[in-house]
Amino acid sequence: MSEQSTDLRETVRERYAAAAVKVTEGNAACCGPQPVEVDENFGSTLYAADERDALPAEAVTASLGCGNPTAVAELREGERVLDLGSGGGIDVLLSARRVGPTGRAYGLDMTDEMLALALANAARAGATNVEFLKGTIESIPLPANTIDVVISNCVINLSVDKPAVFAETFRVLKPGGRIGVSDVVADDTLTSDQRAERGDHVGCIAGALSFAEYRQGLEAAGFTGIEITPTHPVADGMHSAIVRATKPTTTDTPTGTPKSADACCGVNACCTSGETSADPALTVTEAKTASGCGCQS
């Protein structure tokens with residue numbers, strides 16, 4: 001990772017850590033948690049009143065997203081859901097209610113302060129079918145082919161390596177799995193410099209992809225059925241948008257990734273000291289597990 005990318009990621013981490021601390025400290029004050037300051041295009045007002053009322057106030061006030069991905073992901077009873085950049089846990093808790101006790105909702109966040117807040121919110125909500133993981137959305141700490149639905153709320157635009165996010169999202173989804181994401185997307189006519197003029201990276205503007213770039217990124221990762229639907233403007237030529245896509249039930253080897261003729265159970269040179277995964281996105285163990293290979297050693 002370049003020094004500039006490292007600096008951007010640290011700036012994002014600091015901003016969201018500060019937001020979590022503000023909510024936590026506000027909860028200790030006489031008047032309860034104070035909302036994090038955002039404009040009308042972001043935050044908890046984008047959720048229905050009955051959804052907000054059913055959650056701990058600390059989860060609602062920590063909301064910094066640009067939409068409500070749980071409203072568009074069409075979650076079903078028993079599904080396993082992953083929220084990329086889960087923050088204070090609002091979308092994880094809403095997802096957990098939708099998938100029910102036979103399902104499970106995971107939240108992934110890189111910020112210790114947000115993870116602590118999310119765990120506290122899950123306890124307040126009495127949610128037992130949730131799990132929060134520490135990590136980055138460019139390297140998801142879950143096995144391949146284990147998640148039914150991936151959601152995210154205005155976080156992918158903050159990533160310094162979006163192709164890695166799309167590839168990792170594709171990897172963890174089961175065949176036939178889907179994404180339902182809210183994110184900021186730019187008009188195709190805006191250059192990177194013009195996007196930066198409209199807002200900074202940590203404010204979810206400068207790092208946003210254009211509609212065409214978003215589609216190309218998802219297609220390159222292997223997704224099909226891609227839909228990108230703008231919902232409301234967040235700046236001149238910048239939109240909050242709903243992004244949907246599906247992982248095919250059968251997947252071909254991605255373009256540029258050679259498939260070895262002697263690959264066995266998703267592994268080249270299987271059961272030898274030189275074995276490697278046929279899919280660079282997977283470890284050897286993950287490749288064997290995903291293929292159902294009996295040779296797991």
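Residues numbered from 1 in each chain as written. Predicted model: local features only at pLDDT ≥ 70, side-chain atom pairs only at ≥ 80, totals over all residues. Heavy atoms only, no water.

Undergrad: Describe in detail the nonpolar core, supporting the description with residues and values.
TA: Within the largest apolar cluster, 31 residues are counted, with the highest numbers of intra-cluster contacts made by Leu82, Ile179, Tyr214, Leu218 and Phe223. Contributions of two or more residues to this core are made by strand E1 (80-84), strand E2 (104-109), strand E4 (147-153), helix H6 (162-172), strand E5 (173-186), helix H8 (211-221), strand E7 (224-235) and strand E8 (238-246). In contact with phenylalanine 223, not counting residues within four places along its chain, are Phe166, Thr169, Phe170, Leu173, Ile179, Leu218, Ala245, Thr246 and Lys247. In this structure, Cys154, Ala186, Ile205 and Val234 belong to the second largest nonpolar core, which totals ten residues. (Core = buried A, V, L, I, M, F, W, Y, C linked by side-chain atoms within 4.5 Å. Buried < 20%, exposed > 50% of the residue type's maximum accessible area, 1.4 Å probe, protein only. Helix = DSSP H or I, 4+ residues; strand = E, 2+ residues; numbered from the N terminus. Contact = heavy atoms within 4.5 Å.)

Undergrad: Tell me about unusual backbone geometry, and name the residues and values.
TA: Non-glycine residue asparagine 145 carries a positive phi angle of around 60°. Within the secondary structure, asparagine 145 sits in the loop between strand E3 (130-134) and E4. By relative accessible area, asparagine 145 is classed as partly exposed at 27%. Positive phi, normally seen in glycine, also occurs at cysteine 154, with a value near 60°. When its relative accessible area of 2% is taken as the criterion, cysteine 154 is described as buried.

Undergrad: Tell me about H8, and name the residues and values.
TA: Three or more residues of H8 are buried, namely Phe211, Tyr214, Gly217, Leu218 and Ala221. Projected onto a plane normal to the axis of H8, the buried residues spread over an arc of 135° and lie on a single side. Turned more than 90 degrees away from the buried face of H8 sit Gln216 and Ala220, all of them exposed. Residue glycine 222 follows H8 closely and has a positive phi angle near 115°. (Arc of directions from axis to C-beta.)

Undergrad: If you had to explain the confidence of the model for the chain to someone new, which residues and values would you point to?
TA: Across the chain, the average pLDDT comes to 78, with 63% of residues at or above 70. A low-confidence stretch, residues 27-39 (pLDDT under 50), is modelled with 26 contacts involving residues beyond four sequence positions or located in other chains. Within the model, the stretch residues 253-263 combines pLDDT values under 50 with eleven contacts to residues more than four positions away or in other chains. (pLDDT = per-residue confidence, 0-100.)

Undergrad: Explain the packing of aromatic side chains to me, using residue names and the numbers behind them.
TA: By the definition in use, this model includes two aromatic pairs. Consider the rings of phenylalanine 166 and tyrosine 214, whose centres lie 5.5 Å apart with planes at 50°: the pair is tilted. Linking phenylalanine 166 in helix H6 with tyrosine 214 in helix H8, this pair joins segments that are 48 residues apart in sequence. The residues phenylalanine 166 and tyrosine 214 share a single accessibility class, namely buried. With centroids separated by 5.2 Å and ring planes inclined at 90°, the aromatic side chains of phenylalanine 170 and phenylalanine 223 adopt a geometry described as edge-to-face. Pair noted here: phenylalanine 170 is in helix H6 and phenylalanine 223 is in the loop between H8 and E7, with a separation of 53 residues, a long-range link. Exposure class is identical for phenylalanine 170 and phenylalanine 223. Each is buried. Its end group placed over the ring of tyrosine 106, arginine 104 keeps NZ or CZ at 5.9 Å from the ring centre. Above the plane of the ring of phenylalanine 170 lies lysine 247, whose end atom (NZ or CZ) is 4.8 Å from the centre. (Phe/Tyr/Trp six-rings, centres within 6.5 Å; stacked < 30°, edge-to-face > 60°. Lys NZ or Arg CZ within 6 Å of the ring centre and 35° of its normal.)

Undergrad: For the packing of H6 against H8, give the residues involved together with the corresponding values.
TA: Contact geometry for H6 and H8: axes closest at 9 Å, N-to-C directions at 45°. In terms of orientation, H6 and H8 fall into the oblique class. The handedness of the crossing between H6 and H8 comes out as right-handed. Residues Phe166, Ala167 and Phe170 of H6 form the contact with H8, whose own contacting residues are Tyr214, Gly217, Leu218 and Ala221. (Axes fitted to C-alpha atoms, helices over the stretch in contact; angles between N-to-C directions. Parallel < 35°, antiparallel > 145°, perpendicular 65-115°, else oblique. Left-handed = near helix turned anticlockwise from the far one by under 90°.)

Undergrad: An account of the pattern of salt bridges is requested, with residue identities and associated values reported.
TA: Per the stated rule, a full pass over the model turns up nine salt bridges. With a shortest N-O distance of 3.5 Å, glutamate 79 and arginine 76 are connected by a salt bridge. The salt bridge partner of aspartate 148 is lysine 174, with a shortest N-O separation of 3.4 Å. Taken together, the residues aspartate 148 in strand E4 and lysine 174 in strand E5 connect sequence positions 26 residues apart. Given the relative accessible area of 16%, aspartate 148 is considered buried. The partly exposed category is assigned to lysine 174, whose relative accessible area is 28%. Salt bridges here are not isolated pairs; linked through shared partners, they connect Arg76, Glu79 and Arg178. (Salt bridge = Lys/Arg side-chain N within 4 Å of Asp/Glu carboxyl O.)

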